[in-house]
Amino acid sequence: MNVQWYPGHMTKAKRQMQEDIKLIDLIIELVDARVPLSSRNPDIDELGKNKSRLILLNKADLADERQNEAWKAYFQEKGFYVVKVDSRNGSGMKAIQNTIQEACREKTERDRRRGIKNRPIRAMVVGIPNVGKSTFINTFAGKACAKTGNKPGVTKGKQWIRLNKGVELLDTPGILWPKFEDQEVGIRLAFVGSIKDNILNMEELALKLIGYLQAQYPGVLAGRYHISEEGTSVEILEAIARARGCLKKGEELDYAKAALLLFDDFRAGKIGRITLEWRSDK
């Protein structure tokens, strides 16, 4: 299964970010806690050299908590500031303001020595599509100031948001990179909805997700759909279709509908807290 998605606006967005990086003090990078490495655009490290860095493990409520802690420690070891957050319900938000101040302490001290007072910290918010940047900004700012949507590619242009006297955020469009060297990365991003579903074979993708859940989280599919997990991925998708009444005319099973239902449940956390990349593998 070959997964690629790099629409034209992403090239333009990357060029704009290269320009804007000169204006900012801090990069706030959102990653999806279920796929913390796969959801990191490798271009960001290159863009953000010599800048303070804060990683937000977003959607932490959907990920395995033991793995959240393991990944937090992993990124801290690499020299990043890290906060676990759930942008939708506001969990973890209170810790961010203090972490921003901590990450930019040297910059603030430098300003003070030069006699510059009260210059706000300027932070660029970056991340791949559908990682939750706009939702994070709206929750953090306490008002709807960035467009949100549950599909990738909603934010197309940049916008500055004044949070308070101390912090200004620059929202940026979600950008991927031109080619996934490892196809497993593309598949994981497809699992979590960072690649548009309509360019993917969702049934084939569902079989891959079922295989992963069987191996790493045995019992979760049985618990959600009241089915047996014995058998192949195809047989389990068939069982889900039967259990949930996914039928075409003439009582034929509708595999496509069952696949979409599985992904809706997985992405909403209804199957359980699932991490697709384990720190112990790295």
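The rules behind the values
- Residues numbered from 1 in each chain as written.
- Predicted model: local features only at pLDDT ≥ 70, side-chain atom pairs only at ≥ 80, totals over all residues.
- Heavy atoms only, no water.
- Buried < 20%, exposed > 50% of the residue type's maximum accessible area, 1.4 Å probe, protein only.
- Helix = DSSP H or I, 4+ residues; strand = E, 2+ residues; numbered from the N terminus.
- Pairing = 2+ DSSP bridges.
- Right-handed = clockwise from strand over helix to strand, strands pointing away.
- Axes fitted to C-alpha atoms, helices over the stretch in contact; angles between N-to-C directions.
- Contact = heavy atoms within 4.5 Å.
- 1 Å grid on protein atoms, 1.4 Å probe; cavity = no way out; pocket = protein on both sides within 12 Å on 5 of 7 lines; lining within 4 Å.
- Points joined across faces, edges and corners; volume = space filled by probe spheres on them.
- Nonpolar A, V, L, I, M, F, W, Y, C, P; charged D, E, K, R; others polar.

Novice: In this structure, what is going on with the pairing of strand E2 (residues 52-58)? I would like to understand it.
Specialist: Every other side chain in a regular strand lies on the same face of the sheet, so the side chains alternate between the two faces. The buried fraction of E2 is high, at six of seven residues. As judged from the seven bridges shared by strand E1 (residues 26-32) and E2, these two strands associate in the parallel manner. Following the sheet pairing, Glu 29 is matched in E2 by Ile 55. Viewed along the sheet, the connection from E1 through helix H2 (residues 42-47) into E2 turns out right-handed. Taken together, the four bridges between E2 and strand E3 (residues 81-84) define a ladder with parallel strand orientation. Looking at E3, one finds that Ile 55 is bridged to Val 82.

Novice: What should I look at first to understand the sheet that holds strand E6 (residues 167-171) in this one?
Specialist: Consider a sheet: its strands pair through backbone hydrogen bonds, and that pairing is either parallel or antiparallel. A sheet is described by the order of its strands in space; here six strands give the open sequence E3-E2-E1-E4-E6-E5, paired in mixed fashion. Only two strands of the sheet have a single partner each, and these edge strands are E3 and strand E5 (159-162). Adjacent strand axes in the sheet meet at a mean angle of 25° when their direction is disregarded. Where E1 lies against strand E4 (residues 121-126), four bridges are found, and the strand directions are parallel. Across the sheet, Ile 27 pairs through a bridge with Met 124, a residue of E4. In the packing of helix H4 (residues 93-103) onto the sheet, contacts are made with E1, E2, E3, E4 and E6, and the angle to E3 comes to roughly 175°.

Novice: When you look at the layout of surface pockets in this model, what are you seeing that I'm missing?
Specialist: If you add up the space inside the second largest pocket, you get close to 250 Å³. Lining of the second largest pocket is provided by 13 residues; of these, Ser 52, Ala 103, Glu 106, Lys 107 and Arg 110 occupy positions nearest its centre. For the lining of the second largest pocket, the secondary structure elements donating two or more residues are H4 and helix H5 (105-113). When residues in the lining of the second largest pocket are grouped by element, the largest group, four residues, is from H5. For the lining of the second largest pocket, the class distribution of residues is four nonpolar, two polar and seven charged.

It is worth stressing that arrangement in space is one thing and function is another; only the former is reported here.
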